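# Survey of secondary and tertiary structure
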Amino acid sequence: VYNGEIYNYRELRAELTAAGDVFSSASDTEVLLYLYARHGVEMLSKLLGIFAFAIRDARVDGRPAGIGRGALFLARDQMGVKPLYLAQSPRGVLFGSEIKALVCEPSVSRELDPLAIHETLAYLWTPAPRTPFQAVRKVAPGTAVVLDAGRVAREWRYYRLPWDGTRMTLPVEETAARVADAVGTAVRRQMVSDVPVGAFLSGGLDSSAVVAMMRRAEPNRRVQCFSIGFGDRAEVEGNPSDLPYARRVAKHLDVDLEEIHLNASVAHRLEAMVGVLDELHADPAPINAWIIAEHARARGIPVLLSGAGGDDLFSGYRRHHALMLERWWAWAPAPLRRLGQRLAVAAACGAGSGQQSPWRRRLLKLLLHAGETPDRRLAGYFQWSPEPLRRGLYTPAFAAAVAGVDTMAPLLASLEDIAHETDPLARLLYLETRHFLVDHNLNYTDRAGMAAGVEV
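Residues numbered from 1 in each chain as written. Predicted model: local features only at pLDDT ≥ 70, side-chain atom pairs only at ≥ 80, totals over all residues. Heavy atoms only, no water.

Time to look at the nonpolar core. Ranked by internal contacts, the top residues of the largest apolar core, which has 24 residues, are Ile6, Met43, Leu44, Leu47, Phe51, Phe53 and Phe73. Of all elements in the fold, only strand S1 (2-6), helix H1 (9-18), helix H2 (28-39), strand S2 (49-57), strand S3 (71-76) and strand S7 (143-148) reach the threshold of two or more residues within this core. Residue contributions to this core peak at 4 residues, all from H2. Setting aside residues no more than four positions away along its own chain, leucine 44 makes contact with Phe51, Phe53, Phe73, Ala75, Gln78, Ala144 and Tyr158. Grouped together as the second largest cluster of nonpolar side chains are 23 residues, Ile228, Met273, Ile287 and Trp290 included. (Core = buried A, V, L, I, M, F, W, Y, C linked by side-chain atoms within 4.5 Å. Buried < 20%, exposed > 50% of the residue type's maximum accessible area, 1.4 Å probe, protein only. Helix = DSSP H or I, 4+ residues; strand = E, 2+ residues; numbered from the N terminus. Contact = heavy atoms within 4.5 Å.)

Set out below in C-alpha cells:
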C-alpha cells in the first residue's frame, strides 16, 4: 500500500531490470516491491521522493533480518511530506495517512489528549509525535517501523538531516550557484510526469525560484500557475498582497497565471476544512491551498509544485530576523531581561490584548521569553501566547490534567539531536524543518491538495 511519488523510480527500475527483475507495469509502486525484495529495509537509502508505504512480507524464506513472516514494514519519506499515523488498539496496531481512517475502527479510542491540546494552543499546530487523540501518534519523518504480532516490533530513524556543525567556506557566488543547481535538479526530477504539472506562485522568492527552474527545465512547456488575492485589500495581517508580485514574475518568466480572488465568503468552508485536516491548525492558509488545488484539478492539472519549505530552509520568517536582533540586547543583565519578559506577559494577558496591532504583537512576542535560557528562547519563537493566558482559559479539570506540563518539551527534545550545533540560527532552522515545516506547512498542504485530488 503506497502513497506518494518516487522521483528516481526510472533509474531504480533500470538497475533492477539489469539485475534480472521482470516488470509487468510502468508504475513506481512495482519498483518499490522489487527494490524491497532485493534489498530489504536497506532500500530506503536509494529512494528520492515523497512517500508513505507499507509492505507485508509473507514469504517463507528470503526475508530481511528482523522481519518475521507476515510482518509489516512501514516507512515515511525523509522530510515528512507524506503523512503517516499509527494507532494502538486492543485488536492491534493500525496505520494510515489520515486520522479519520483510523478512528473508524471501533477499538481505537477517540479520547482526546489534553497534553496535545495544551501544546496546540501554544503553537497553533500540534508538535510531533502527539495528535489530538491519545491513541494516535505521528510517525516522524525519515522513520521506518516494523509491525509484528499486533505490536511495534521495531522503529528507527533511517534518515537525519546532515546537521554536523560544519560550515561551508566557499565564496558566496559559488554557494549560490550550488544552491541554484540543487533546486534546479529537484524541480527537474519532480517534473518527470505523464500528466500536466502546474505551480503555486505567490511572487515570493521560493515559489518564483521553483517556477523559474520549471521554465529552465522545459522551455517549450507552458506552465500554468495559480495565485490567491483578497479583493481590494492591499495588506492582510501586515503582509502585502501577493498578486502584484505574482503578476511581475509571471510576465518575466512568460508563464500563465490564474488569479483566484477570495473574500469573507470562504468562511463557509471552515467546517469542511476541519474534516480535511484531521489535526488542529489555527491558520486560514489551508483553505487557500485547497481552493488553488480545486482550480488546478478543474483545469486538468493533477500535480502542482510548491515553494513550501523555502522559508524554513533559507531563513525567510520574521523570527529569523528577530533572532539576529538578539545580539543587540543579549548583553542586557538577566534581571533586566526577566523584567522585560514579565512586562510583556502582563501586556499580552491584559485587557485589549485581543485587539493588538500586528506590530505590537510582534514586539511582545520578541520579549515573551526574553528571560529564558537560549534553547527555551528558540522554542519560544514558535509559540503564539504566554502560558498564563492559555491556562486562564482552562476548566479546573483540564488544568489539572496538564499541570506541570512544559509545552516546550517536544522542541527541546528535538534540539538534543543536534547538541553539537552551537549557532543559534542553525538550531532555529533545525526546529523549523523538524516541526513547523512538517507538523504545519507540509501537513496541511498535503491534505489540501489530496482533498482536490492533486499531488503537491
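On to the sheet that holds strand S10 (residues 224-230). Sheet architecture is open: 4 strands sit in the order S13-S10-S9-S14, paired in parallel fashion. Edge strands, defined here as strands with exactly one partner in the open sheet, are strand S13 (256-262) and strand S14 (303-305). Put simply, the sheet's adjacent strands are angled 30 degrees from each other on average, direction ignored. Strand direction decides the pairing type here: S10 and S13, joined by 7 bridges, are parallel. By the bridge assignment for S13, glycine 229 is matched with histidine 261. Along the sheet, helix H6 (residues 205-217) contacts strand S9 (197-200), S10 and S14; its crossing angle with S9, the most-contacted strand, is approximately 155 degrees. (Pairing = 2+ DSSP bridges. Axes fitted to C-alpha atoms, helices over the stretch in contact; angles between N-to-C directions.)

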